[in-house]
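A structural walkthrough
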Amino acid sequence: MTAVSPIPQKELNFVTRTQLAGGVYLTYLPAKKFKTSLLSAQFVVPLRWETASANALFSAVLRRGTVSYPDMGLLSRYLDKLYGARIDTTIRKKGETQCVGFVASLIDDSFAPGGERLLEPAAKLLGELICHPVTQDGLFLEEYFESEKTNLIDAVRSILNDKRAYADSRLLQEMCVGEPYGVPRLGNEQIAAALHPQLVWEAYRQLIASSRLEIFYSGSAEQSRVEDALRSALADLPRTEETTPLEQTRHALPEEPRLITERLDVTQGKLGVGFSCGSQDAAALLVGNTLFGGSSNSKLFLNVREKLSLCYYASSLYHRQKGLITVSSGIEFENYQKAYDEILAQLEAVQKGQLEDWELEAARSTLLNAYASMGDSQGKLENFYLGQAATGRDETPEILADQVRSVTLERILSAMGTVKLDTVYFLQGKEAEA
């Protein structure tokens, strides 16, 4: 066993990340207070337009059946024998990486009837889903491939039905054009429609041979037992090539802010505003963004939405991996200029320190409560540590909470002073063309 990095954590004692095999890592999150165990296996790959849809597609096809359980019915019956265990496909975007794989949830062994061990069979099934999918003539089963391809295209199209999510995605695409961070986690419809079985099979074989595999366990089992179960389950994982480290690229501020206007058949405008942060002080930017628009006590919410009624919603998000802040808002078309001006005015108020004492404490409290609540959810813990592993970070929630507690107003003002307007995206109705 090769220890990679012990992760100090007050709420979760002895959290560790260890290397199980070439490019395969286990983050062990011991927890005895849950009645369930969580086991997650995620391949971490560079986020690219040309591969995002293929990766999303084959991960869904893998869930359709294995050599031992070649259809969903047999898979479901086996999971029922494990007292209703679940294994779900996941496709997530973490920084400039795409994370594809499975998350299993099962009764923790300490609560299983008669002391039955469920970790080993669940891990074995996870390994079989990854390494031994049901095939035909050396490729994925055509029926499963075509069905999941249709589902993927429908999922990509459905984003357009959620205009808020669509506008947020389009802002990042325009803001990060030419950068991996602008690529959606599912790719796009045109690339998905062009996928064929041979291409997707080759993408799958390449990924399991050379991409980093991050595994997460949360439950009561001893670490040595978890490691033994996973090594056995993944014994057939091909590792023919050495995995390469993934690097996050820094966003470049354009010489002049970009204005992108798009027209669709919508009754409510969507105004997205993107900013580039010149500071590396992540804790100060995190608190500064929470003051700006990251909570229900923020300036965007209390002023732009509540006091001035210029937006149906208004919030901001700090993208730590890329050093960006994005604002998402829903407005009447005719309120575009007023809302835009007020969003910038509220940012300026934060930058100038035009704050009341309660605002800073409310921002700290919002963030500290979020970190404290992570220990109450195995899903939140897995998602957090996946993000850390995928982007090369090792802070725990407790460490991040300490950073938030210690950040000073002077640091916040200094960091927020580097926030510059980058890109403006406005989604408006087709009637505006007249």
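For the structure itself, look to the data block above.
Residues numbered from 1 in each chain as written. Predicted model: local features only at pLDDT ≥ 70, side-chain atom pairs only at ≥ 80, totals over all residues. Heavy atoms only, no water.

**Some words on the overall build of the chain**
- When helices and strands are tallied, the chain shows 15 helices and 14 strands.
- Taken over C-alpha atoms, the radius of gyration comes to 23 Å for the chain, in line with the 22 Å a tight globule of 434 residues would show.
- In terms of principal-axis extent, the alpha carbons of the chain reach across some 60 × 50 × 40 Å.
- Restricting the contact set of the chain to residue pairs at least 6 apart, pairs at least 24 apart contribute 80%. (Helix = DSSP H or I, 4+ residues; strand = E, 2+ residues; numbered from the N terminus. Rg over C-alpha atoms; globule rule 2.2 N^0.38 Å. Contact = heavy atoms within 4.5 Å.)

**Focus: the environment of Asp402**
- Within the secondary structure, Asp402 is located in helix H14 (residues 397–406).
- In sequence terms Asp402 and Leu368 are 34 residues apart; their C-alpha atoms lie 8.8 Å from each other.

**Comments concerning helix H13 (residues 378–390)**
- Given a rise of 1.5 Å per residue, 13 residues ought to cover 18 Å, and the 18 Å separating the end C-alpha atoms of H13 matches this to within 8%.
- The buried fraction of H13 is high, at 10 of 13 residues.
- Residues of H13 that are buried: Gln378, Leu381, Glu382, Phe384, Tyr385, Leu386, Gly387, Gln388, Ala389 and Ala390.
- The residue sitting at the N-terminus of H13 and contributing the capping side-chain oxygen is Ser377; that oxygen lies 3.3 Å from the backbone nitrogen of Gly379. (Expected span 1.5 Å × (residues − 1). Buried < 20%, exposed > 50% of the residue type's maximum accessible area, 1.4 Å probe, protein only. Polar contact = N/O pair within 3.5 Å; in protein donor to acceptor, adjacent residues only side chain to side chain.)

**What about the side chain of Arg64?**
- Within the secondary structure, Arg64 is located in the loop between helix H1 (49–62) and helix H2 (72–81).
- Since its relative accessible area comes to 15%, Arg64 is described here as buried.

**Things to note about the pattern of salt bridges**
- Per the stated rule, a full pass over the model turns up 24 salt bridges.
- Of the charged contacts, one joins Glu189 and Arg157 as a salt bridge, the two residues approaching to 2.7 Å between their closest N and O atoms. On the criterion of sequence distance, the pair formed by Glu189 in helix H6 (residues 189–193) and Arg157 in helix H4 (residues 142–158) is long-range, its members being 32 residues apart.
- The salt bridge involving Arg405 is made with Glu398; its shortest N-O contact spans 3.8 Å. (Salt bridge = Lys/Arg side-chain N within 4 Å of Asp/Glu carboxyl O.)

**Quick notes on the packing of helix H9 (residues 282–292) against helix H15 (residues 409–416)**
- Interhelical geometry of H9 versus H15 gives an angle of 85° and a closest axis separation of 8 Å. By the angle between their axes, H9 is roughly perpendicular relative to H15. Here Ala283, Ala284, Leu285, Val287, Gly288, Asn289 and Leu291 of H9 come into contact with H15, specifically with Arg411, Ile412, Ala415 and Met416.
- For the contact of H9 with H15, the class distribution of residues is 8 nonpolar, 2 polar and 1 charged. (Axes fitted to C-alpha atoms, helices over the stretch in contact; angles between N-to-C directions. Parallel < 35°, antiparallel > 145°, perpendicular 65-115°, else oblique. Nonpolar A, V, L, I, M, F, W, Y, C, P; charged D, E, K, R; others polar.)

**Things to note about the packing of aromatic side chains**
- Scanning the model with the defined rule gives 10 aromatic pairs in all.
- With 6.1 Å between their ring centres and 10° between their planes, Tyr28 and Tyr217 make a pair best called stacked. You can see Tyr28 sitting in strand S3 (residues 24–30) and its partner Tyr217 sitting in strand S9 (residues 212–219), a full 189 residues away along the chain.
- Aromatic rings pair up to connect Phe58, Phe140, Trp201 and Tyr204 into one cluster.
- One cation-aromatic arrangement involves Arg17 over Tyr25; the distance from NZ or CZ to the ring centre is 4.2 Å. (Phe/Tyr/Trp six-rings, centres within 6.5 Å; stacked < 30°, edge-to-face > 60°. Lys NZ or Arg CZ within 6 Å of the ring centre and 35° of its normal.)

**Overview of the pairing of strand S6 (residues 97–107)**
- Taking burial as the measure, the 11 residues of S6 include 9 buried ones, the bulk of the element.
- Pairing of strand S4 (residues 36–46) with S6 involves 11 bridges; the strand directions are antiparallel. Within S6, the position partnered with Ser37 by the bridge is Leu106.
- The pairing of strand S5 (residues 86–94) with S6 spans 9 bridges and is classified as antiparallel. Of the residues in S6, the one forming a bridge with Arg86 is Ser105.
- Between S5 and S6, which pair antiparallel one after the other, the connecting turn spans 2 residues, and Gly95 there sits at a positive phi close to 60°. (Pairing = 2+ DSSP bridges.)

**Description of the nonpolar core**
- Judged by nonpolar contacts, the single largest core of 62 residues is most densely connected at Leu39, Ile130, Ile215 and Leu237.
- Leaving out residues up to four positions away in the same chain, Leu237 has contacts with Val24, Phe43, Ile130, Cys131, Ile208 and Leu213.
- Judged by nonpolar contacts, the second largest core, of 60 residues, contains Val44, Ala282, Leu310 and Ala401. (Core = buried A, V, L, I, M, F, W, Y, C linked by side-chain atoms within 4.5 Å.)

**A few points about H2**
- Those residues of H2 that sit buried are Leu75, Tyr78 and Leu79. For H2, the buried positions fall inside an angular range of 100° around the axis, keeping them on one side. Facing away from the buried side of H2 by more than 90 degrees, the exposed set consists of Arg77, Asp80 and Lys81.
- Structurally, the start of H2 carries an N-cap: the backbone nitrogen of Gly73 is 3.0 Å from a side-chain oxygen of Asp71.
- Remark: Tyr83 follows H2 within two positions and exhibits a positive phi of approximately 60°. (Arc of directions from axis to C-beta.)

**Things to note about the sheet that holds strand S12 (residues 313–319)**
- Read from one edge to the other, the open sheet built from 5 strands follows the order S10-S14-S11-S13-S12, with strand pairing classed as mixed. Both outer strands of the open sheet, strand S10 (258–264) and S12, are each paired with one neighbouring strand and no more. Direction aside, the axes of adjacent strands within the sheet are offset by 15° on average.

**Digging into the state of the cysteines**
- The tally for this structure, following the rule as stated, stands at 0 disulfides.
- Looking at the unpaired Cys131, the closest cysteine sulfur is the one in Cys99, lying at 18 Å. (Disulfide = S-S within 2.5 Å.)

**Describing unusual backbone geometry**
- Here the phi dihedral of Tyr83 falls at roughly 60°; this positive angle occurs in a residue that is not glycine.
- For Tyr83, the position within the fold is in the loop between H2 and S5.
- Positioned with a positive phi, Ser309 is a non-glycine residue whose angle comes to about 55°.
- Within the secondary structure, Ser309 is located in the loop between helix H10 (299–307) and S12.

**What to know about the environment of Thr290**
- Within the fold, Thr290 resides in helix H9.
- For Thr290, a relative accessible area of 3% corresponds to the buried category.
- Separated by 175 residues in sequence, Thr290 and Gly115 place their C-alpha atoms 46 Å apart.
- When sequence neighbours within four positions are dropped, the list of residues in contact with Thr290 reads Ser295, Ser298, Ala363, Thr366 and Leu367.

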